Amino acid sequence: MLPMDELLSHLGPSLLLLLQLQLLLPPASAFFPNIWSLLAAPGSITHQDLTEEAALNVTLQLFLEQPPPGRPPLRLEDFLGRTLLADNLFAAYFGPGSPSRRFRAALGEVSRANAAQDFLPTSRNDPDLHFDAERLGQGRTRLVGALGETVVAARALDHTLARQRLGAALHALQDFYSHSNWVELGKQQPHPHLLWPRQGLRNLAQVGDPTCSDCEGLSCPGNLLGFTLLTSGYFGTHPSKPPGKCSHGGHFDQSSSQPPRGGINKDSTSPGFSPHHMLHLQAANLALLASIQAFSLLRSRLGDRGFSRLLDITPASSLSFVLDTTGSMGEEINAAKIQARHIVEQRRGGPMEPTHYVLVPFHDPGFGPVFTTSDPDSFWQQLNEIHALGGGDEPEMCLSALELALLHTPPLSDIFVFTDASPKDAFLTNRVKSLTQERRCRVTFLVTEDPSRVQGRPRREVLSPLRFEPYEAVALASGGEVIFTKDQYIRDVAAIAGDSVANLVTLPLEPPVVVPERPLVFSVDGLLQRVTVRIHGEVSSFWIRNPAGVSQGQEEGEGPLGHTRRFGKFWMVSMNDPLQTGTWEIQVTAKGTPRVRVQAQTSLDFLFHFGIPMEDGPHPGLYPLTQPVAGLQTQLLVEVTGLGSRRNPGDPLPHFSHIVLRGVPHGAELGRVPLEPMGPRERGLLAASLPPTLLSTAGPFSLELIGQDGVGQGLHRAAPQPCAVVPVLLEVRCQRKVRLRLERTGPAAPPLTGPPPQLSGPSGFLAPGTEALLSLRIASFSGPQDLDLKTSVNPSFALTSNLSRVHLEQNESAWGCLWLKVPDTAASDSVVMVTVTAMDREASTVPPTHAFLRLLVLGPAPQVRCPHFPLQDRQGEGRAVQAYLGAATLTASPSSPQDQLPAPVHSTDPVLTTTSSVFHLSTLVTPGRAGGGLVGNPWRGTVGAVLLLLGLASW
């Protein structure tokens with residue numbers, strides 16, 4: 001290690017601050033466990049708990065060091081002894097009511113990626129990814145590699161991939177303290193070299209060193225032999241446990257029945273799962289400290305701005321424009337420029353300044369390139385260079401451009417499409433719909449039509465709604481809308497872009513669509529502000545009535561309830577604050593079917609995701625799903641954000657009692673399901689079982705959250721976009737080797753065979769001039785399925801598949817391979833999206849199922865000398881190592897003897913062998929959660945301290 005003075009000089013203010021904190025570790029009775037872990041191991045601490053608490057500690061550190069513009073600086077003493085919650089941190093730093101929704105969503109991505117290491121076929125049985133089987137040197141190599149990949153992906157602005165790799169790294173880091181004997185050796189601080197690849201791991205037990213004695217009980221407090229060497233337990237049958245070695249232990253570890261019996265893992269408080277359960281808290285404490293180190297080191301490599309982008313530490317949304325640039329689009333382009341300039345100037349330097357800008361032009365036959373930046377001036381300059389040129393008949397390549405924007409726009413964002421033409425690429429409709437839901441982005445189309453205009457492209461005399469059905473379908477699926485207007489109104493209508501960046505929520509309407517002579521009803525609560533009513537269509541009259549019976553009609557200008565503006569067929573009513581709480585009504589008389597949307601600003605919102613409960617196995621939890629699958633019992637997990645934003649500080653917290661599920665688009669109620677709280681109310685974590693009737697057939701549905709505020713007044717929130725029950729489970733992943741087979745729950749079918757090409761580069765990364773191998777899995781749980789499978793890749797790389805058709809019976813799965821050829825000319829840091837589509841060959845009414853895989857092309861790697869990273873076998877990983885270390889040439893200490901042991905075949909590279917292709921419901925994962933510490937536990941969630949090991953300082 002370096003001398004103390006030299007180490008302190010390397011720390012800098014961000015790490016030195018952590019030395020001022022103190023972390024307390026009282027008894028475990030009040031730990032907040034995973035809800036599914038509660039049944040098996042009450043009081044246990046999960047990977048999600050550790051990950052989220054570490055992120056909150058480092059976020060607080062960032063806020064303390066960077067005072068908010070125009071606001072008083074935060075004080076450490078205001079947080080000591082308090083539970084850390086994301087909502088409270090954001091309110092203190094950005095101001096009351098500032099939404100933490102994006103931060104909590106980003107943290108949820110990291111947490112779920114962390115938990116996924118315990119159940120994905122590519123990772124769950126690999127000892128290198130869990131520090132099992134005494135493969136400590138190899139585990140450290142993989143850990144450091146994953147952190148380096150996190151830095152590379154974050155610098156390339158692919159934060160989705162960066163969060164996935166960060167979750168994998170944190171899982172391995174936390175497992176070290178539970179699976180090794182570091183705690184049993186009496187260590188009080190994290191390992192000084194685990195995150196530091198220049199230092200070798202010393203004092204490792206060798207293959208011939210006995211480490212454990214026999215233990216026939218569940219609890220094995222004294223089974224480690226008296227030695228000072230570092231070891232870890234063996235799990236399962238691969239690799240096999242040598243004589244005299246320790247097992248991982250627990251009911252599901254086959255090696256623990258072989259002498260010496262028992263085990264040493266500290267995963268939980270349950271002796272049935274963890275023979276060293278009595279040391280669970282100590283292991284969790286060190287794992288938390290090490291996780292804080294990892295987050296802090298990432299912050300030092302990425303800088304404060306890059307680290308904030310990685311975890312989306314902002315209340316603001318991104319700004320994404322998709323622009324038609326043909327000759328007739330001059331007014332629309334000018335409107336986009338004016339609105340973008342307004343947003344940039346109005347929000348510059350404030351908490352609501354967009355953190356990411358995306359611009360994609362299109363025309364016919366071309367679209368793109370995509371322009372992305374975090375600099376508002378660069379975005380404005382690029383937008384200002386776009387002019388309406390060329391022309392010709394519509395249609396245009398609008399959906400292709402929108403798909404490109406979706407690949408580069410952060411989740412939970414709004415995308416605005418400016419065009420006056422229908423899509424030429426309508427065949428992309430279903431794929432783009434699914435991508436909007438996978439990315440959870442809302443798309444608004446601003447479509448202009450002016451038959452009186454004679455210049456520009458030749459135009460039809462009357463708008464044909466059928467030509468715009470793809471836009472309507474995408475808008476409905478994404479929670480957006482299609483607004484038809486004219487050139488003379490486009491600048492005013494484009495102002496909705498500025499409103500959407502301000503984090504609007506859409507209020508539920510009953511009924512959700514206009515029914516003749518029946519008013520639409522919506523609820524206003526005391527946490528809503530800036531309510532806006534938007535009406536679009538051939539409207540002859542409308543009125544709005546508040547709970548006191550005061551009405552306002554369609555007359556333009558100021559009325560008793562708000563200000564009304566009309567732009568052709570588009571009406572906007574901005575209601576006056578404060579609004580009277582209670583039930584409001586809207587009555588619309590129109591030709592055809594007008595559309596009504598009510599939006600408001602509020603910090604009280606919710607996130608959600610789906611999962612399959614896995615209760616048998618070493619790590620009970622949830623297998624996460626993007627969408628529910630027909631025939632598969634599914635849990636809905638809800639995370640309420642903004643619970644601290646009460647009308648009066650002394651009021652009790654709001655609470656939500658049930659969820660309403662409605663069919664889309666007509667709004668028929670499909671079910672009303674009670675919500676069960678997951679832990680203390682201030683966390684806002686709720687769960688519900690989706691009704692079997694909903695899961696029996698494929699189709700879209702919406703979610704509405706029902707509850708009451710602290711004084712008993714009703715609360716009603718809707719998910720920003722609908723969900724869909726998909727017909728089959730479809731997944732595509734990176735693989736190194738795959739065994740192709742078709743498997744049933746009944747008699748096994750003969751396995752398919754195929755060539756096993758090697759994937760160059762770490763998981764999720766590609767190198768120019770290589771061929772990547774991907775695995776495909778498809779499963780049916782609702783009956784026989786005859787399916788066609790189609791594949792595509794954006795950009796257009798060569799992609800081949802050995803599976804184009806499949807017949808599945810109920811509870812049957814099929815596996816296949818995709819080969820992706822990356823050309824030598826592939827652009828560095830470019831995002832690649834692989835899409836697999838499964839379509840029913842018979843039922844045209846059954847919606848297709850899509851699976852998406854994001855990959856990142858790495859540039860050439862500099863020469864890096866580091867014996868722990870065999871660059872000749874892992875193209876692209878050298879760049880990750882360099883990003884992690886921050887140096888081009890390194891001198892590493894010799895690898896330990898343990899690192900020189902032969903590795904199992906399936907763990908020699910970052911991408912792992914698939915050992916089984918069956919979709920086992922015993923596969924396990926803990927559900928991802930974001931937003932707070934272990935509430936109610938005195939040590940977890942309290943600011944305290946983090947005594948960083950100085951040996952990591954110069955990373």
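Higher on the page you've got the structure.
Every chain is numbered independently, its residues counted from 1 as its sequence is written. Since the coordinates come from a predicted model, pLDDT governs what is reported: local features require at least 70, and pairs of side-chain atoms require 80 or more to be given and counted, while whole-chain, interface and lining totals use all residues. Note that the side-chain values use all heavy atoms of the structure and ignore hydrogens as well as water.

1. Observations regarding the overall build of the protein
So, step 1. Of the regular secondary structure elements, the protein holds 17 helices and 34 strands.
So, step 2. Relative accessibility under 20% of the residue-type maximum defines a buried residue, over 50% an exposed one, and the middle range a partly exposed one, all with a 1.4 Å probe and only protein chains included. Among the 955 residues that make up the protein, the fraction classed as buried is 62%.
So, step 3. Accessible area of the protein: about 33900 Å², with a carbon and sulfur share of 53%. Helix and strand labels come from DSSP, where a helix needs a run of H or I of at least four residues and a strand needs a run of E of at least two; each type is numbered from the N terminus. In this description, accessible areas are obtained by the Shrake-Rupley approach with a 1.4 Å probe, and a residue is regarded as covered only by the protein chains that are shown.

2. Some details on the side chain of S98
So, step 1. With respect to the helices, strands and loops of the structure, S98 is situated in the loop between α4 (86-94) and α5 (101-116).
So, step 2. On the basis of relative accessible area, S98 is assigned to the buried category, the value being 14%.
So, step 3. The contact criterion used throughout is that any non-hydrogen atoms of two residues lie within 4.5 Å. The residues contacting S98, other than those within four sequence positions of it, are F90 and P315.

3. What to know about the state of the cysteines
So, step 1. Disulfides are defined in this document as cysteine sulfur pairs within 2.5 Å. Throughout the structure, instances matching the rule amount to two disulfides.
So, step 2. C212 shares a disulfide with C246; S-S distance 1.9 Å. Handedness here is read from the sign of the S-S torsion; for C212 and C246, about 95°, the answer is right-handed. Note that C212 is positioned in the loop between α7 (159-179) and α8 (280-311) and C246 in the loop between α7 and α8, a separation of 34 residues in sequence.
So, step 3. The class of C212 is buried, set by a relative accessible area of 7%.
So, step 4. Since its relative accessible area comes to 1%, C246 is described here as buried.
So, step 5. In the protein, numbering the disulfide-bonded cysteines from first to last in sequence yields the connectivity 1-4, 2-3.

4. Quick word on the environment of R854
So, step 1. With respect to the helices and strands, R854 occurs in strand β34 (residues 849-857).
So, step 2. The exposure class of R854 is buried, given its relative accessible area of 11%.
So, step 3. In sequence terms R854 and V831 are 23 residues apart; their C-alpha atoms lie 6.9 Å from each other.
So, step 4. With near-sequence residues (within four places) excluded, R854 lies in contact with D158, T160, L407, R439, G764, V831, V832 and M833.
So, step 5. Contacts described as polar in this section are N or O atom pairs within 3.5 Å, which, within protein, must combine one atom able to donate a hydrogen with one able to accept it, while residues neighboring in sequence count only if both atoms come from side chains. Separated by 3.1 Å, the side chains of R854 and D158 make a polar contact.
So, step 6. Polar contacts involving the side chain of R854 include one to the main-chain carbonyl oxygen of L407, which spans 2.7 Å.

5. Focus on the nonpolar core
So, step 1. The criterion is simple. A nonpolar core is a set of buried Ala, Val, Leu, Ile, Met, Phe, Trp, Tyr and Cys residues joined through side-chain atoms within 4.5 Å. Within the largest apolar cluster, 71 residues are counted, with the highest numbers of intra-cluster contacts made by L173, Y177, F295 and L311.
So, step 2. Those elements giving two or more residues to this core turn out to be α3 (47-65), α4, α5, α6 (136-155), α7 and α8.
So, step 3. Domain assignment of the residues forming this core places at least three in each of domain 1 (44-202 + 279-311) and domain 5 (729-738 + 762-857).
So, step 4. The contact partners of L173, leaving out residues within four places of it in the chain, are F131, L143, L194, L195, A290, S291 and A294.
So, step 5. Among the nonpolar cores identified, the runner-up in size contains 41 residues, and L527, Y623, A688 and L705 belong to it. The start and end points of each domain follow an automatic or database-based domain assignment.

6. Focus: the packing of α5 against α7
So, step 1. Two numbers describe how α5 lies on α7: the axes approach to 7 Å, and their chain directions differ by 50°. Judged by the angle between their axes, α5 and α7 are oblique. Seen from above, α5 lies across α7 with right-handed handedness. On the side of α5, the interface is formed by A106, E109, V110, A113 and N114, while α7 contributes T160, R163, Q164, L166, G167, A168, L170, H171 and Q174. Note on geometry: axes are C-alpha line fits, over the in-contact stretch for helices, and angles between N-to-C directions span 0 to 180 degrees. Between 65 and 115 degrees an angle is taken as roughly perpendicular, under 35 as roughly parallel, over 145 as roughly antiparallel, and anywhere else as oblique. Each crossing gets its hand from how the near helix is turned against the far one by less than a right angle, where anticlockwise is left-handed and clockwise is right-handed.

7. Brief notes about the pattern of salt bridges
So, step 1. For this document, the term salt bridge refers to a Lys or Arg side-chain nitrogen within 4 Å of an Asp or Glu carboxyl oxygen. Scanning the model with the defined rule gives 33 salt bridges in all.
So, step 2. The salt bridge partner of K266 is E184, with a shortest N-O separation of 2.9 Å. Here E184 lies in the loop between α7 and α8 and K266 lies in the loop between α7 and α8, a separation of 82 residues in the sequence.
So, step 3. The salt bridge partner of K569 is E538, with a shortest N-O separation of 2.9 Å. Here K569 is found in the loop between β12 (562-567) and β13 (570-575), whereas its partner E538 is found in strand β9 (residues 529-545), with 31 residues between them in sequence.
So, step 4. Three or more residues joined by partner-sharing salt bridges are found here, namely D126, D128, R135 and R142.

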